[in-house]
Amino acid sequence: MEVRLRVNGADRTLQLAPQVSLLDALREHLGLMGTKKGCDQGACGACTVLADGERINACLTLAVQYTGREITTIEGVTDGELQRAFVRHDGFQCGYCTSGQICSAIGMLAEHAAGMPSAVTEHRHGDAELTDAELTQAEIRERMSGNLCRCGAYNGIVDAIQEVAR
C-alpha cells in the first residue's frame, strides 16, 4: 500500500506492506540508519524517534499509523546543543543507544517544559509550580528510564541533559 510519511521535513512516499513498522520503514526503506533496532519489543529505547515532537518507540508502531505526522529521527535533529553536551559529559560509549537517548531527551525536555509530571515529580498536575520544578537527576533518571544503555553511560547522559535543561 502507499504510505506517505513526512520525515525530517521531507515528504516521502513508500510502497509498504501494512504490517511494516515505522522502524523498518525508516531503516530499510528510507536508509536512515541512525534509528537503531535493539530489542524490537519496545523495551530498550534504541529506536526512539519523535512524532510531532513526542517520543515514541518506532519498533512498536506501524508506519501507516504515522501518515501526515512529522517524524524526526536523529538525522533530523538540527540543534546540536544536546549532542555536544553528550560529548562533553561522556554520555555515550559505544554509541548504539545514543540516537534514541538524544531523541528521547528532546521529547522529555519538552514534556517537562509543558508541565507533565513523572512518577517522582514532587508537585503534581494542576500545581502552577510544576512548570518551574527543577529537573533533578532523579527526575531525569525516571523520565529517561525507557532508554537503556548497555555500556552504563547513565551518569554522563543525565549530566548532559541536566546541563541543557539549565
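Each remark here, short or long, concerns the structure printed above.
Thresholds, definitions, all that
- Residues numbered from 1 in each chain as written.
- Predicted model: local features only at pLDDT ≥ 70, side-chain atom pairs only at ≥ 80, totals over all residues.
- Heavy atoms only, no water.
- Helix = DSSP H or I, 4+ residues; strand = E, 2+ residues; numbered from the N terminus.
- Buried < 20%, exposed > 50% of the residue type's maximum accessible area, 1.4 Å probe, protein only.
- Contact = heavy atoms within 4.5 Å.
- Pairing = 2+ DSSP bridges.
- Salt bridge = Lys/Arg side-chain N within 4 Å of Asp/Glu carboxyl O.
- Axes fitted to C-alpha atoms, helices over the stretch in contact; angles between N-to-C directions.
- Parallel < 35°, antiparallel > 145°, perpendicular 65-115°, else oblique.
- Left-handed = near helix turned anticlockwise from the far one by under 90°.
- Nonpolar A, V, L, I, M, F, W, Y, C, P; charged D, E, K, R; others polar.

## A look at the environment of Gly45
Then comes step 1: As for its position among the elements, Gly45 is in the loop between helix 1 (22–29) and strand 3 (48–51).
Then comes step 2: Gly45 sits in the buried class, given a relative accessible area of 3%.
Then comes step 3: Beyond its immediate sequence surroundings of up to four residues, Gly45 is in contact with Asn57, Gly100, Gly146 and Asn147.

## Here we look at the pairing of strand 4 (residues 54–57)
Then comes step 1: By the bridge criterion, four bridges tie strand 3 to strand 4 in an arrangement that is antiparallel. Following the sheet pairing, Val49 is matched in strand 4 by Ile56.
Then comes step 2: Following strand 3, the chain reverses through two residues before pairing antiparallel with strand 4; Asp52 in that reversal takes a positive phi of roughly 55 degrees.

## Looking at the pattern of salt bridges
Then comes step 1: The final tally for this structure, using the stated rule, is nine salt bridges.
Then comes step 2: Across the pair Glu2 and Arg4 runs a salt bridge whose closest N-O atoms are separated by 2.8 Å.
Then comes step 3: Members of the salt-bridge network, linked through shared partners, are Arg6, Asp11 and Glu70.

## Some points on the sheet that holds strand 3
Then comes step 1: Taking strand neighbours across the sheet as the criterion, the five strands line up as 2-1-5-3-4 in an open arrangement whose pairing is mixed. At either margin of the open sheet sits one strand with a lone partner, and together these are strand 2 (10–15) and strand 4. Going across the sheet, the axis of each strand differs from the next one's by a mean of 40 degrees, ignoring polarity.
Then comes step 2: Strand direction decides the pairing type here: strand 1 (residues 2–7) and strand 5 (residues 70–72), joined by two bridges, are parallel. Looking at strand 5, one finds that Arg6 is bridged to Glu70.

## A few points about the packing of helix 2 (residues 81–88) against helix 3 (residues 98–113)
Then comes step 1: Put simply, helix 2 and helix 3 touch, their axes get as near as 10 Å, and they point 125 degrees apart. If you check the angle between helix 2 and helix 3, you find them oblique. In the crossing of helix 2 with helix 3, the sense of the turn from one axis to the other is right-handed. For the pair helix 2 and helix 3, the contacting residues are Leu82, Gln83 and Phe86 in the first and Thr98, Gln101, Ile102, Ala105 and Ile106 in the second.
Then comes step 2: Its residues placed into classes, the contact of helix 2 with helix 3 shows five nonpolar, three polar and no charged.

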